[in-house]
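Here is what each chain is made of, one letter per residue.
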Amino acid sequence: MARDISLRFRIPHSAFRICLLLAACTPVTTRPDVTPDPRALVVTLDARPERITAMLDSLVPAESLEVVHANVRDGYVETAWYDTEAHRTRHHEREISNLAATVKIRLWADPGVPGQTRLTVEPVYRPRYDPSRRERDLEVLVAKEDAGFKIALRLVDKLKQRFGVPKAAQ
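Along each chain, numbering runs from 1 in the same order as the chain's sequence is written. Totals for whole chains, interfaces and linings use all residues, but because this is a predicted model, local features are given only for residues with pLDDT of at least 70 and pairs of side-chain atoms are given and counted only at 80 or more. Side-chain metrics in this entry use all non-hydrogen atoms of the structure; hydrogen atoms and water are not considered.

A. Expanded view of unusual backbone geometry. With a phi close to 70°, Ser 64 is a non-glycine residue in the positive phi region. Each helix is a run of DSSP H or I of at least 4 residues and each strand a run of E of at least 2, with the numbering of both proceeding from the N terminus. Tracing the backbone shows Ser 64 in the loop between α3 (49-62) and β2 (67-71). With a 1.4 Å probe rolled over the protein chains alone, any residue whose accessible area is under 20% of its type maximum counts as buried; one over 50% counts as exposed, and the rest are partly exposed. The exposure class of Ser 64 is partly exposed, given its relative accessible area of 45%. Even without being a glycine, His 87 presents a positive backbone phi close to 55°. For His 87, the location among the structural elements is in the loop between β4 (81-83) and β5 (88-90). In this structure His 87 comes out as exposed when scored by relative accessible area, which is 56%.

So, in structure tokens, the structure goes:
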């Protein structure tokens, strides 16, 4: 009788392997659950996403910005809110005196063709403060003439100089 019970509850080897494979391929990521604005700046660079993200982690502070979230494996970097007029990082909404001049830059480094990266750069600001809505719902891309956009362009230019742009993307 005991042998009969053990045969009924035996897991086939193929099912065990499938469960093991699913556990190893977990889709856990530290990227936010938002996608970049379709109008965000996109550039193709001649390097793998991990190299781009690692370089961004050092370039962003060189622009006087503070990194609040970075993950090399996920290819994501996000800055704190930065007041382009006062040249200061703002950590809380109550510290932001000029919403139009305070920007946040998000960067997504996604793999393209092998050895290349599709970098999406999203400089945003909030035209108004509304605690009843999610922060992301209030964000708008900065204008190309804005200081926040120019900071984002400087980051992209430094990455282009460091890694280069594929001939097809020029």
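Anyway, onward from the coordinates.
B. Focus on the pattern of salt bridges. A pair is scored as a salt bridge if a Lys or Arg side-chain nitrogen falls within 4 Å of a carboxyl oxygen belonging to Asp or Glu. Under the criterion given, the structure shown has 13 salt bridges. Of the charged contacts in the structure, one is a salt bridge between Asp 83 and Arg 90, with a shortest N-O distance of 3.5 Å. Taking the shortest distance from any N to any O, the salt bridge between Arg 136 and Glu 122 comes out at 2.7 Å. Here Arg 136, found in helix α4 (residues 135-138), pairs with Glu 122, found in strand β7 (residues 117-125); they are 14 residues apart in sequence, far enough to count as distant. Residues joined in a network through salt bridges with shared partners are Glu 78, Lys 104, Arg 106, Glu 122, Glu 135, Arg 136 and Glu 139.

C. Looking closely at the nonpolar core. We define the nonpolar core as a collection of buried residues of types Ala, Val, Leu, Ile, Met, Phe, Trp, Tyr and Cys that are connected through side-chain atoms lying within 4.5 Å of one another. One finds Ile 52, Leu 56, Ile 105, Leu 107, Leu 119, Val 121 and Leu 159 to be the most contacted residues of the largest nonpolar core, which totals 22 residues. Of all elements in the fold, only β1 (41-45), α3, β6 (102-111), β7 and α5 (147-163) reach the threshold of two or more residues within this core. Top element by residues in this core is α5. It accounts for six residues. Note on contacts: a residue pair qualifies if any of its non-hydrogen atoms lie within 4.5 Å across the two residues. Discounting residues that sit within four places of it in the chain, Leu 119 has contacts with Leu 41, Val 42, Val 43, Leu 45, Ile 52, Leu 56, Leu 107, Trp 108, Ala 109 and Leu 159.

D. Region of the structure containing the packing of α3 against α5. Throughout, an axis means a line fitted to C-alpha atoms (over the contacting stretch in the case of helices), and angles, computed between N-to-C directions, take values from 0 to 180 degrees. Contact geometry for α3 and α5: axes closest at 11 Å, N-to-C directions at 130°. Our classification of the angle between α3 and α5 gives oblique. Note that α3 runs across α5; the crossing there is right-handed. On α5, the residues that touch Arg 51, Ile 52, Met 55, Leu 56, Leu 59 and Val 60 of α3 are Leu 155, Lys 158, Leu 159, Arg 162 and Phe 163. Residues were grouped as follows: Ala, Val, Leu, Ile, Met, Phe, Trp, Tyr, Cys and Pro as nonpolar; Asp, Glu, Lys and Arg as charged; and all remaining residues, including Gly, as polar. Class assignment for the residues of the contact of α3 with α5 results in eight nonpolar, no polar and three charged. Angles are sorted into four bins: roughly parallel if under 35 degrees, roughly antiparallel if over 145, roughly perpendicular if 65 to 115, and oblique for all others. Each crossing is labelled by how the near helix is turned from the far one, with a counterclockwise turn of less than a right angle marking it left-handed and a clockwise turn marking it right-handed.

Spatial relationships are all this shows, so hold off on functional conclusions.
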